[in-house]
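Residue-level structural notes
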Amino acid sequence: MNYLMKISSVYILLLASFVPTTVATNKYTVKACTAASLGDTCTLQVVGTKNVAQPVTGTGHCEETVDQKGSVTWADLTLSEGKVLLVEVETHVSSQTSNAGFFVRPTRLTREWGTANVANKKATFYLAANGQFSVEFASQEFWGGDAALSFDALMLFVNPGVDPVPSGATVISDSDSSAPVDLGPNKAYVFSADNSYDWGADKVFKVHDNTQVYFEAGAHVRARIVQTEKKVDNVLISGYGTLDAHYDLEPDVVGVSDDATHQTIGIYGKNIHVVGLTIVNTNPNCGAWGYCLNINANWSPIGVQGDPFGADELQDQTMPAPTYKARQAHCQEKNMDDSANTNFDNCPTSHTDGQLVSYVKCMTWQMGQDGINAGKYGTVENSFVRVIDDAIKPWDSHGVYKNVTIWQQALGWPINFGWWNWNQPDVGTVVEDIYVIHNHNWHTSGGWPETASGQCTIGGIYGSGSVKSGYKLKNIFVETAASCAIGLEISKSAYSRHPTSDGCVGSIVDMQIDGLFFDEEFKTGTGYNNFLSGEASPYTACVGDLKGEIKNLNIASNVAGRALGASDFTMPNAGTVPGLTFATAVDPHAVPLSKYELHSNKNAYADFGAEGEIDTAGVTVAGVQQCIERCHSDWSCDCVVFQASNNKCSKRRGCGGVESFDDDVNYDVYVRKGSEGGGPQGIMVGGGGAVGSSRLSVLVGVAVGGVVLAMGIVM
């Protein structure tokens, strides 16, 4: 039953609906409203949130959680083009305050949207573009310690509008016991926020040609959406609901459960679009592995009745090469046994009919629960991945991964270059504007046995006969503690592999990394380091680009003010890395010194021009530029004190009393311009990119007894 109520002049629709994994949380209170531009005001309204804590509970959890605990609270908001959101957040987590810092990440984007009005456990600020934003009452240094693994996070997903649900769409029943449920062909469906989509076991929906599947805002569906027994054309999955792989998968039956590849969304075909969805895996049992989303996975076949594919077939260590089954490819150029694929019906031929993954959010809580792979001619854009395994997997030709925010948990590579691709060309993929706001894989890197690098930000252990060439990575930003930058190894004995029949592994050729930025030096530890190595002992039949070399790799980087060089890398077989070059990258989001007012020969601290000291001991930096950028990223910071003799940088708040600064020839004070007045303010607005309504809409959830009331607010 629906209800209408009026708060001031805002009408709110109350939808009585039980949401299985979503309970009211008191960890955060979030309010928001739409303003015309930065500096303008509006009437704040409470925004509903969802919360998932580490679903695997018990002492020590289990091996697959690798000590990752904590929770994620999140809210979906919709912002139209040309407008901004005014947001107020209050944390109720006892350990969280702004005393040591307040950040809204990715800071490369948010730090140009003015400053925040920050109190002890509350902050008000603007969000001036669509995106995925982490709100953090914590210091920069907090993220280099084990406490980071238990952090209670808050994510604000600021989305554009999505296509409305067609009036004739069929509401999917929450009582259908079919296994599986076929959707389509040539039909539109909707998961309603009114229904309780929980069948008490794994539930599979199979999509067919020309099918649209919509999620109403607030719909929570414990199921999977797959099609791996054939290739389909024109499938849309859209909306700001949640798809949750909560249950253990049923035994693999092709055409029924199709679970050998363990995908929450796993589809073969062309014109496959997934927009807006939040994908989670809340299975409380250990060992529940599987991707959030995999479209046209280049390592899996068309399903065959009675002989389900298992990923362990690509972990056979028979040398020089296993005898692979003659499994039928979907859109790969060759079948699994390297015979030619002759059926390319419903396969993408360009980005025009390729896959699109946009404004999708992927969050998982166990090792083996990977992120997103969109396949050949696939585009992943404006999305968020938070996983305990590899986050994005650009494993196929002509992929585009851009404007992706990554929160890497305690294991895995944020950007993984693959293991076991079937043998076919792998060319021309672009990975650009990737914001790694956290990377906790330092927690397991030292004990990671598969490669001497441990787990870095970019890399993997490549064991495929595919030659990977012409990849371009541009503007990869890593904001907090990280183990290393690049750990890339090519090995004929990789633990997941698909060499040629002669045992050859492909080279990685002409890869360009143009702009790899780390805001701080690598976390000190043992058992990991930047690492490059090709195959040290290729078989005699392996020549040319099948020797397994890393050829002509160019790395332009900036690690806390310095460029990486050969001395930063372990290269046990330097001859397998020919043509390696290094350069210094220029940050496209650098903070101009002109944004700060210099007060030479001055010091600022409590009672001497500053209200508080954010970091009393200070941090050693490369110079003034890095010092002011530390302040600009921290919305609790109004000025910095820089000591040139030792490059010590100390952040301060409340620096309005410049006339009270202490005279001291050993220091200089840099005051953020415009910060003296406090409160949200700014000078620029990012592109909103919104589609549809020009009003703000938010989903508000209020728990009443065992029922969640979903409030859809439009402003």
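The present account deals with the structure reproduced in this document. (Residues numbered from 1 in each chain as written. Predicted model: local features only at pLDDT ≥ 70, side-chain atom pairs only at ≥ 80, totals over all residues. Heavy atoms only, no water.)

A short note on the environment of Glu-597
Counted only if it meets this: Counting from the N terminus, the helices are DSSP H or I runs at least four residues long and the strands are E runs at least two residues long. Every residue pair with non-hydrogen atoms within 4.5 Å of one another is taken to be in contact. Think of a polar contact as two N or O atoms within 3.5 Å of one another; within protein, one of them needs to be a possible hydrogen donor and the other a possible acceptor, and neighboring residues in sequence only count if both atoms come from side chains.
Relative to the helices and strands, Glu-597 resides in strand β43 (residues 596–599). On a C-alpha basis, the gap between Glu-597 and Lys-673 in space is 6.3 Å, while along the polypeptide they are 76 residues apart. Excluding anything up to four places from it in sequence, Glu-597 contacts Val-669, Tyr-670, Val-671 and Lys-673. Looking at Glu-597, its side chain comes within polar contact range of the side chain of His-599, at 2.7 Å.

What about the packing of aromatic side chains?
Given two aromatic rings, one states the distance between the centres and the angle between the planes to describe the pair. Rule in force here: Note on ring pairs: Phe, Tyr and Trp rings are taken, using the six-membered ring of Trp, and paired if centres are within 6.5 Å. Classes follow the plane angle, with under 30 degrees stacked, over 60 edge-to-face and the rest tilted. For every residue, the accessible area (1.4 Å probe, protein chains only) is compared with the maximum for its type, and the residue is labelled buried under 20%, exposed over 50%, or partly exposed between those bounds. Counting as a charge over the ring demands two things of the Lys NZ or Arg CZ atom: a distance within 6 Å of the ring centre and an angle within 35 degrees of the ring normal.
Within the structure shown, the criterion is met by 22 aromatic pairs. Ring plane angle 40° and centroid distance 5.6 Å describe the contact between Phe-125 and Trp-635, whose orientation is recorded as tilted. Separated by 510 residues along the polypeptide, Phe-125 in strand β10 (residues 122–127) and Trp-635 in the loop between α3 (624–633) and β49 (639–643) bring together distant segments of the chain. Trp-635 shares its class with Phe-125; the two are buried. With 5.7 Å between their ring centres and 45° between their planes, Phe-569 and Phe-582 make a pair best called tilted. Of this pair, Phe-569 sits in strand β41 (residues 569–570) while Phe-582 sits in strand β42 (residues 581–584), and the two are 13 residues apart along the sequence. Taken together, Phe-191, Tyr-197, Trp-199, Phe-205 and Phe-215 form an aromatic cluster joined through their ring pairs. For the cation-ring pair, Arg-386 lies above Trp-407, with the distance from its terminal atom to the ring centre recorded as 4.5 Å.

Things to note about the pairing of strand β25 (residues 361–367)
On a regular strand, each side chain points to the face opposite its neighbour's, so the side chains alternate between the two faces of the sheet. For clarity, the cut-off: We treat two strands as partners when DSSP finds at least two bridges between them.
The buried count for β25 comes to six of seven residues, which makes it a mostly enclosed element. For strand β22 (residues 278–280) and β25, the ladder comprises three bridges, and the chain directions are parallel. Residue pairing for β25: Ile-279 is matched across the bridge by Cys-362. Note: β25 against strand β27 (residues 379–388), four bridges, orientation parallel. Within β27, the position partnered with Lys-361 by the bridge is Phe-384.

Quick look at the pattern of salt bridges
Quick reminder of the rule: Salt bridge criterion: a side-chain nitrogen from Lys or Arg within 4 Å of a carboxyl oxygen from Asp or Glu.
According to the stated counting rule, one finds 28 salt bridges in the structure shown. As a salt-bridge pair, Glu-333 and Lys-376 come within 3.7 Å of each other at their nearest N and O atoms. You can see Glu-333 sitting in the loop between β23 (291–295) and β24 (356–358) and its partner Lys-376 sitting in the loop between β26 (372–373) and β27, a full 43 residues away along the chain. With relative accessibility at 35%, the residue Glu-333 sits in the partly exposed group. One network of salt bridges, with partners in common, ties together Asp-307, Glu-313, Lys-325 and Arg-327.

Notes on the side chain of Ser-358
Along the polypeptide, Ser-358 turns up in strand β24. Those residues in contact with Ser-358 that sit more than four places away from it in its chain are Val-274, Val-275, Gly-276, Glu-381, Asn-382 and Ser-383.

Describing the state of the cysteines
Filter applied, for reference: In plain terms, two cysteine sulfur atoms within 2.5 Å form what is called a disulfide here.
Counting across every chain of the model gives nine disulfides. The disulfide partner of Cys-292 is Cys-362, and the S-S distance across this bridge is 2.1 Å. Residues Cys-292 and Cys-362 share a disulfide whose torsion about the S-S bond is about 85°; that sign makes it right-handed. Here Cys-292, found in strand β23, pairs with Cys-362, found in strand β25; they are 70 residues apart in sequence, far enough to count as distant. In this pair, the class of Cys-292 matches that of Cys-362, namely buried.

Re unusual backbone geometry
Only a minority of non-glycine residues have a phi that is not negative, and only a minority of peptide bonds are not trans. The amide bond that connects Arg-105 to the next residue, Pro-106, takes the cis arrangement and shows omega of 5°. Note that Pro-106 resides in the loop between β8 (103–105) and α1 (107–110). Here the amide bond leading from Ala-179 into Pro-180 is cis, since omega sits at -5°, within 30 degrees of zero. Notably, Asn-186 is not glycine yet its phi reads approximately 60°, a positive angle. Here Asn-186 lies in the loop between β14 (181–183) and β15 (187–191). We note that Tyr-377 has phi near 60°; this positive angle belongs to a residue other than glycine. With respect to the helices, strands and loops of the structure, Tyr-377 is situated in the loop between β26 and β27.

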